[in-house]
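Spelled out from the first residue to the last, the chains are:
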Amino acid sequence: MIEVEGSLKRRLGGWLVVTVGVLGLALMVEAWVSSQRAAARAFDAQLQAAALTIAEAVRWQDGVPQVVVPAAALQILATDSQARVFYAVLDDDGRALSRNWPVDIPAAWQQALDEGGMSRDLTTALGELRLHAQRVASAGWVTQLPVQVWVGHTLEGRRALARSLFERSLSRFVAMVLLTGVLMGLTMRAALSPLRRLRRQIRERSADDFSPLAARVPKELLELAQALNHLFARQRQGREDLLRFTADASHQLKTPLAGLKTVSELGLRSSDPDEWRQALTRVHARAEDTSRLAGQLLSLARLRHLDQETALPALDLGALVREVALDWAARERAAEHDLGLGSLPAEPLKVRVEAWALREALGNLIDNALRYTPRGCQVTLHLAREGDWARLSIVDDGPGVADAALATLGQPFQRGGRQDTEGSGLGLAIVDTTARRMGARVQFANRSPQGLEVVLWLPLAKDEQGVTGALDAAANQ
Amino acid sequence: MTLQSGQRFRPFRCLSARCSVPATRRRLLGRVVSQWLPLSLLMLLVVLLGGCHSEDTSVPTDDDPLVISAALDLDVVAPLLDAFRQAYPQIPLRFEDRTTREVDDSVVGHLEGGQATGEGASRAPDVVISSAMPWQMARVNEGLARRLGGPEIERWPEWARWRDEVFAFTFEPVVMAYRLDLSRHMLPPQTHGDLHALLATQARWLSGKVTTYSPLSSGVGYTLAQQDARYSSRFWELVGAMGRADTRLETTTRAMLEGLSQGRYWLGYNLLGSYAMVYAQEHPEVIVQVPRDYSLVLMRMAFVHRDAPHVEAAETFVKFLLSQRGQRVLAGQTPLFSVLPGVTGPYTAARLRTQVGERLYPILPNATLLAFVDPARREAFTDHWRARFQGEPALDEAVERSSGALAPE
């Protein structure tokens, strides 16, 4: 079931918005502060210019400094935004030589003023003022008396300039965001185009086309493309397996059926009841073989198609192995072999598998060993615990199989290169399929000097691992 | 510029105004209005409603009218007041015609505990109008004006307003005037240079016959002298020449015009053109000459007082003054010249420019005017002026230099 969870575009867009928002906030704060600062700098410079112009107008007459306030200085002070303007020219004792100042300048400021100048903010009944003061050394022929030039104006100009500077950076930023958004959209389109190509390619594939994808994909999509190719390969493999299985199954069923036909024809041609009986006996034997073959095919198919997952009860592996071994030892088929139980662990090993499937797999392994080994061979079952796994092995001292055939032993109708025997070639395939369903692994190995060992690795039930682990470790030592 | 009884000065087209405007200064002008019953009922309603809201923005009543403290002849401005009354009959209005100094005192009188003259001392005027531009600017700079807003304000030319608090609403050229007889003896002056030459060459004829504004005792005269000095440092030579010609100093344009008319004076310098042009129409013996080199232009300024008792009515008045309608009356029925673009009439700044040319130099409402009211600067300037007038050589070059800062030479 595919559920739609958001959209890539929306997610990218969301991140863009968040990033731009956070970044934008920081930028806006910075822009606000810097535009305030720029406006303050520009207008402070005008204040300084006005103060200097007034300072220039100080002259000495009859031994006292006098000032003729230049009109231009006031125009500089007022700025383009028609701020209210204030000035005061004081001597060092605070006496005004000239002023239109509405309030008293704090005495502390007057005392602190030196040649370097001073800028201050002052709140008055007329609103906030920005002041600048300059101490001017002026000298007459008889006396020297420094004068202080104080100038100030209201803040309209600063505010207007700061606002316009800020608005300019704001509009630049908004334009940038819009441009980024458009570019982001285009980029996303371009970036997602390989995905679209891939989608189109997959959609246009025919149902039975399992060839690997041939597409140019970016690095990020390589894994997806590889996974898809892997899936296609497995599907192709599965399909080929199915075809071969069907072909092989038909072939395998055809041979005994042809035999049955021949035997029954021979019997019908004769008029001797003894021969009929003989033929019937052979037909019966053949039918038994065939039905066994059919049964195996059926169980293999069933195993391959069983799918449901249900919680299984944990069962004791040791008990099951013992039970199966006893069952097989009593059978006629085992009469000519030495079937025995090897080492079994002291404590129970719990596995969560279907008992019938394990029994089937185990039976097939034993049957296999009996069938492909000469008479008198030993077939032994071993069970041990190794870590989280149960190691169940069936060992025989028969001829073994060619090393090249070991890898394909698990596939149907492979008989380890031994087409001479009467087996169907399905036993190990059933084991393999069963094992895979149980989450187990099957391992084939030749033994030295001779013989074959088939190992079934079964995962131990999870809740049993912790309990038995310590005991097992102790037992192994 | 007060209107004194017994004066013969009659601005033209004032007849219709005179029948409804009482000539006495302190009579309640809104009396005519109260004769109308429905309107008085309406006013009563407005008063009652206003009383419900707040006291400080109360509407004006007959007992407590809208007060306009103005240095502007009532005769001249009467058509405008009539138009206002017609548009807002519910606002009773008292127009107090004063000298520029009295106007300036009235602006701050209420702050100083009623020491100023006149009955309006205990309260601030609602609207202040004056031609003493530097003093108006200083009061506005001190925060005594109220900032206005609205379509009339936004349409008003930027160069004729300051901070949206004070508005220069007239455009009055500063002119020379002479008696017709003068041209029989000499070529009448057309420029400042002509005047200077005439004073030098015809000193015998002109001695005691020249008049000008006193920069010592008239705010307008002082402003004009300051501005003249800023444009040309040769102004001081003219001052010296006027002093040698025993020039008589007057404090009003009307006094100068009447002197010319009566033959006491032959030549007048720096008269307000608004009054002179109208006067000359009725007195053919007086010729008005707009100087051909440059002509200063004085702009009367109006503002709503910060402490106006009737804020809304005061704003209504100023906005009416600046509106198309008010300016049309100004351009058509007063010689004050409208600066509002698009207004037509015989008296508009645009028409004056086409008639006189581009040699009009208006004194604009900006911060430079504030320097003129600086006491130290004023004292230095008047001292220097007096010295030059009395024939002393240039004692104080700094004054000439600083006041000539804008000299084009």
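Remember, predicted model here, so these are calculated numbers, not experimental data.

1. Comments concerning the overall build of chain A
Summing up its helical and strand segments, chain A has ten helices and 14 strands in all. The 477 residues of chain A split such that 25% are buried. Put simply, 64% of the contacts in chain A that link residues at least 6 apart link residues at least 24 apart.

2. Details of the overall build of chain B
A count of helices and strands for chain B gives 20 helices and 13 strands. Of all 409 residues assigned to chain B, the portion counted as buried reaches 51%. Considering only residue pairs separated by 6 or more positions, chain B has 76% of its internal contacts joining residues 24 or more positions apart.

3. Some words on the pairing of strand S6 (residues 127-136) of chain A
Residue and element names in this part refer to chain A. As defined by bridge partners, strand S5 (residues 118-124) adjoins S6 across seven bridges and the pair is classed as antiparallel. Bridge assignment links Thr124 to a residue of S6, and that residue is Gly127. Between the end of S5 and the start of S6, which pair antiparallel, lie two residues.

4. What to know about the sheet that holds strand S1 (residues 66-70) of chain B
Residues and elements named next belong to chain B. One open sheet holds the six strands; their spatial order is S2-S1-S3-S12-S5-S4, and the pairing between them is mixed. The open sheet is flanked by strand S2 (93-97) and strand S4 (161-162), the only strands paired with a single partner. Examined bridge by bridge, S1 and strand S3 (residues 127-130) share three bridges and lie parallel to one another. The residue bridging Ala70 from the neighbouring strand is Ile129, located in S3.

5. Considering helix H6 (residues 133-141) of chain B
All names here are of chain B. Among the nine residues in H6, eight count as buried, and that is most of the element. Where H6 is concerned, the buried positions are Met133, Pro134, Trp135, Gln136, Met137, Arg139, Val140 and Asn141. Trailing H6 by a residue or two, Gly143 shows a phi angle of about 90°, which is positive.

6. Regarding helix H12 (residues 235-244) of chain B
Residue and element names in this part refer to chain B. Counted residue by residue, H12 has seven buried out of ten residues, so it is predominantly covered. Of the positions making up H12, those classed as buried are Phe235, Trp236, Leu238, Val239, Gly240, Ala241 and Met242. Backbone geometry just after H12 places Asp246 at a positive phi near 55°.

7. A few points about the sheet that holds strand S4 (residues 96-99) of chain A
Residue and element names in this part refer to chain A. Ordered by their spatial adjacency, five strands build an open sheet running S4-S3-S7-S6-S5, and the pairing between neighbours is antiparallel. For this open sheet the edge positions go to S4 and S5, each flanked by a neighbour on one side alone. Looking at each pair of strands side by side, their axes are set apart by 20° on average, direction ignored. As judged from the three bridges shared by strand S3 (residues 85-91) and S4, these two strands associate in the antiparallel manner. Across the sheet, residue Val89 finds its bridge partner in S4, namely Ser98.

8. Some remarks on the interface of chain A and chain B
Every contact between the two is made by 21 residues of chain A and, on the other side, 19 residues of chain B. For the side of chain A that touches chain B, the secondary-structure elements that each account for two or more residues are strand S2 (64-67), helix H2 (71-78) and S4 of chain A. Looking at side-chain class alone, the side of chain A that touches chain B contains 14 nonpolar, five polar and two charged residues.

9. Brief notes about the pairing of strand S7 (residues 210-213) of chain B
Both faces of the sheet carry side chains from a regular strand, because those side chains alternate between them. Residues and elements named next belong to chain B. Summarising the sheet, S7 and strand S9 (residues 267-272) pair through three bridges and their orientation is parallel. Following the sheet pairing, Thr212 is matched in S9 by Tyr269. Pairing between S7 and strand S8 (residues 248-250): three bridges, direction parallel. By the bridge assignment, Thr211 is partnered in S8 with Arg248.

10. Let's talk about the environment of Leu383(A)
Residues and elements named next belong to chain A. Relative to the helices and strands, Leu383 resides in strand S11 (residues 378-386). Under the C-beta neighbour-count criterion, Leu383 is labelled buried, with 21 such atoms within 10 Å. Not counting the four nearest positions on each side in its chain, Leu383 is found in contact with Leu317, Gly318, Val321, Leu344, Pro345, Ala390 and Leu392.

11. A closer look at the packing of helix H8 (residues 355-372) of chain A against helix H9 (residues 427-438) of chain A
All names here are of chain A. As a packed pair, H8 and H9 sit with axes 9 Å apart at the nearest point and diverge in direction by 150°. Taken together, the axes of H8 and H9 are roughly antiparallel relative to one another. When the axes of H8 and H9 are compared, the crossing they make is left-handed. Two secondary-structure elements touch here, H8 through Ala357, Leu358, Glu360, Ala361, Asn364, Leu365, Asp367 and Asn368 and H9 through Gly427, Leu428, Ile430, Val431, Thr434, Ala435, Arg437 and Met438. For the contact of H8 with H9, the per-class residue count stands at nine nonpolar, four polar and three charged.

12. Digging into the environment of Val343(B)
All names here are of chain B. Turning to its location among the elements, Val343 is positioned in the loop between helix H16 (324-333) and helix H17 (349-356). A count of 23 C-beta atoms within 10 Å places Val343 in the buried class. Each C-alpha atom of the pair Val343 and Gly326 lies 9.9 Å from the other, and the pair is 17 residues apart in sequence. Leaving out residues up to four positions away in the same chain, Val343 has contacts with Gln324, Gln327, Arg328, Ala331, Ser338 and Thr348.

13. Some remarks on the packing of H12(B) against helix H19 (residues 375-389) of chain B
Residues and elements named next belong to chain B. Closest axis-to-axis distance for the H12/H19 pair is 7 Å, and the angle between their directions is 50°. With respect to H19, the axis of H12 lies oblique. Together, Trp236, Val239, Gly240, Met242 and Gly243 of H12 and Trp385, Arg388 and Phe389 of H19 make up the contact between the two elements. A breakdown of the residues in the contact of H12 with H19 according to their chemical character gives five nonpolar, two polar and one charged.

14. Some points on the confidence of the model for chain B
Residue and element names in this part refer to chain B. For chain B, per-residue confidence averages 82 on the pLDDT scale, and residues scoring 70 or more make up 80% of the total. This model gives residues 1-34 a pLDDT under 50, and the stretch forms 57 contacts once residues within four places in sequence are excluded. For residues 404-409, every residue scores under 50 in pLDDT, and the model assigns this stretch 14 contacts once sequence neighbours within four places are set aside. Prediction confidence for the complex, expressed as pTM and ipTM, is 0.65 and 0.75 respectively.

15. Thoughts on unusual backbone geometry
In this model, Gln82(A) sits at a positive phi of 55°, which is unusual for a non-glycine residue. With respect to the element layout, Gln82(A) can be found in the loop between H2 and S3. On the neighbour-count criterion, Gln82(A) (22 C-beta atoms within 10 Å) is buried. Even without being a glycine, Arg163(B) presents a positive backbone phi close to 60°. Inspection of the secondary structure assignment puts Arg163(B) in the loop between S4 and strand S5 (166-168). The class of Arg163(B) is partly exposed, set by 19 C-beta atoms lying within 10 Å.

16. Considerations on the environment of Arg264(B)
Residue and element names in this part refer to chain B. Topologically, Arg264 is positioned in the loop between helix H13 (253-262) and S9. Accessibility expressed as a C-beta count within 10 Å gives 15 for Arg264, which makes it partly exposed. For Arg264 and Gly208, which are 56 residues apart along the polypeptide, the C-alpha to C-alpha distance reads 8.5 Å.

The rules behind each value
- Residues numbered from 1 in each chain as written.
- Chains lettered and ligands numbered in written order.
- Predicted model: local features only at pLDDT ≥ 70, side-chain atom pairs only at ≥ 80, totals over all residues.
- Helix = DSSP H or I, 4+ residues; strand = E, 2+ residues; numbered from the N terminus.
- Buried ≥ 20, exposed ≤ 12 C-beta atoms within 10 Å, placed from the backbone.
- Contact = placed C-beta atoms within 7 Å.
- Pairing = 2+ DSSP bridges.
- Axes fitted to C-alpha atoms, helices over the stretch in contact; angles between N-to-C directions.
- Nonpolar A, V, L, I, M, F, W, Y, C, P; charged D, E, K, R; others polar.
- Parallel < 35°, antiparallel > 145°, perpendicular 65-115°, else oblique.
- Left-handed = near helix turned anticlockwise from the far one by under 90°.
- pLDDT = per-residue confidence, 0-100.

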